[in-house]
Structure formats: structure tokens, C-alpha cells
Amino acid sequence: MLPKHITLPFTTDVIFKLDNNKGSFTTDSQIFMEMIGFATDDFNIDRFTNVLTHELHHIYYGYWFANQLPSKNMSDKEEALFNYMRPLIFEGIADQFTYKDYSEEVKLLYNDRLLIEELFTSMTTSVRKIANSNESLKIYEEENNKIWDSRMFYLKKYLPDGYEESTFNYAPTLVYYLGYHLYNSILQKGGKARLDFVLENFDCLLEEYNKIYSTDLLIPKIPDDIVKLWKESFKNTTSN
Ligand SMILES: [Zn+2]
């Protein structure tokens, strides 16, 4: 799930923590692994490996990705769109490693067609809002906060009879849910070759999704204006 021949010019530290704060996450070169949830009698080495792989992917792909971007300065609008959409790429790919370990309840949410359509509408609405604003960085902040603030709303709406406590950590966000499906659908319908292509040509992700699109997929066909904004925001040196 990585472009070929990536070598890091630094070593990656893994820091194990037990503070149950923010889960596992990375900086440019460090991984913070949350061990609460693993430090139990039935320590699951496969699940642990998959979470570590997810986080390692952020570091390797993040290093490679940063080197593909043109060095010119971005306008506020370009930066705002880039910041809004970039997490879908990173979490979408890395989630391919961790999805299989999610609970049945979380998988039910991931595969709820109405939920995915609602998240998709929310994404396209936000992207257009940012693109059409004269204060795009401010609008980006607001739209980005909405993603994280609406997690509880979606949980209650799509699991009205209650949910397991652990499900909150995987509550619906367009970043993880749409990101996961974009890459997974391309892998399922287009195979490994097409997936490899979008890993290296991240600016083509949405147009490649539309090429393999069929009505059984949960994410709707992506409108042309969104495909164009995506492509412009992620112009990369590999594709040019
Ligand atoms: Zn992640």
C-alpha cells in the first residue's frame, strides 16, 4: 500500500503510552501507540500489528507525499482545500490495515448506505463552501471542526438504540469512512494495479473512483466540480 522504493532518511521512534488520550497517532517521525485496549489478558498480536502498520504508513507515506508536492507557495484557497481533503487520503489508505479488526457494530456503520451518502453530501457541501469563500482558511477551520463535532450526532442517528462504548473511538467521520471506501472500492473493482496507480497519483483518486463506479458502491458518483477541485489541490510532480 505504498509507492515503490521509499527509504526514510530518519529512524522512526515508537512511544508506547497508557494515557487513553487521542488513541494512537503520529508526528513526522514518531509514533505514539496507545496501549490501553491492548494491555489485557487476551493481547491480540494481529490487531496490535495492524494498528502499528496503520501508524507506520502515515510516516512512510507522509514523507513520500511531501516530496511529491510542487515547491511553489499555495494560495489561501489552495491551502484550505488541501488541508480539508488531505486526511481522506492518509486515513483512507491506512484504514485498509485496521478495518478488518473493527467490531461488527462499527462495520455496520461503515456499510450503512444512508450514512455514507450523508457524509458524502457533507463533504461536497464543505468543499464547495471553502472553494467559493473569500475567507477560505477561516471556512476550512469551521468545516473541519464540524467533522469532529458531529460524531455524536451520527452515532445517535444511525445507532438509535444505543452503542458499545468502544464504538465512539470509530464514530462516523467523513475522513475515515469516505477515505476507507474510496480506496477499498478501487481495490475491489479495479484490483491491485489500479490501487497502486492512485497511491502514486493521489490527484487522480476521484476520477479513478468514477471510472470504476457502479451503483452497488456506497459512495455516489462524484460530481465533476469536486473532481476538478481535488485534482487542482493535489497537483503532484509524479503525474506531471
Ligand atoms: Zn490514522
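Structure first, text after, so check above.
Keep in mind the model is a prediction, meaning the values are calculated, not measured. (Residues numbered from 1 in each chain as written. Predicted model: local features only at pLDDT ≥ 70, side-chain atom pairs only at ≥ 80, totals over all residues.)

Draft legend 1. Inspection of the overall build of the chain at higher detail. Scanning the chain from terminus to terminus reveals nine helices and three strands. The N-to-C order of helical and strand elements in the chain reads β-β-β-α-α-α-α-α-α-α-α-α. For a compact globule of 240 residues, the expected C-alpha radius of gyration is about 18 Å, and the chain comes in at 18 Å, within 12% of that figure. Its C-alpha atoms give the chain principal-axis dimensions of roughly 50 × 45 × 40 Å. In the chain, of all internal contacts separated by at least 6 residues, the share reaching a separation of at least 24 is 68%. (Helix = DSSP H or I, 4+ residues; strand = E, 2+ residues; numbered from the N terminus. Rg over C-alpha atoms; globule rule 2.2 N^0.38 Å. Contact = placed C-beta atoms within 7 Å.)

Draft legend 2. A look at the environment of Thr124. Among the secondary structure elements, Thr124 is positioned in helix H4 (residues 113-131). Residues Thr124 and Pro223 lie 99 residues apart in sequence; the distance between their C-alpha atoms is 8.6 Å. Discounting chain neighbours no more than four positions away, the residues touching Thr124 are Pro223 and Ile226.

Draft legend 3. Focus on the packing of helix H1 (residues 45-68) against helix H2 (residues 76-98). Where H1 contacts H2, the two axes come as close as 8 Å, and the packing angle between them is 150°. Considering their axes alone, H1 and H2 lie roughly antiparallel with respect to each other. Where H1 crosses over H2, the handedness of that crossing is right-handed. On the side of H1, the interface is formed by Asn50, Val51, Thr53, His54, His57, His58, Tyr61 and Gly62, while H2 contributes Phe90, Ile93, Ala94, Phe97 and Thr98. (Axes fitted to C-alpha atoms, helices over the stretch in contact; angles between N-to-C directions. Parallel < 35°, antiparallel > 145°, perpendicular 65-115°, else oblique. Left-handed = near helix turned anticlockwise from the far one by under 90°.)

Draft legend 4. Focus on the pairing of strand S3 (residues 30-34). Relative to S3, strand S1 (residues 13-17) is paired through five bridges, and the arrangement is parallel. Across the sheet, residue Asp13 finds its bridge partner in S3, namely Gln30. In this sheet, S3 lies alongside strand S2 (residues 25-26) in antiparallel orientation, the contact comprising two bridges. Following the sheet pairing, Phe25 is matched in S3 by Phe32. (Pairing = 2+ DSSP bridges.)

Draft legend 5. Region of interest: the packing of helix H7 (residues 174-200) against helix H8 (residues 205-212). Interaxial distance between H7 and H8 falls to 10 Å at its minimum, and their mutual angle equals 115°. Viewed along their axes, H7 and H8 form a crossing whose handedness is right-handed. Along the contact surface, H7 presents Leu182, Ser185, Ile186, Lys189, Gly190, Arg194, Phe197 and Val198, while H8 presents Leu205, Glu208, Tyr209 and Ile212. Across the contact of H7 with H8, the residue classes tally to seven nonpolar, two polar and three charged. (Nonpolar A, V, L, I, M, F, W, Y, C, P; charged D, E, K, R; others polar.)

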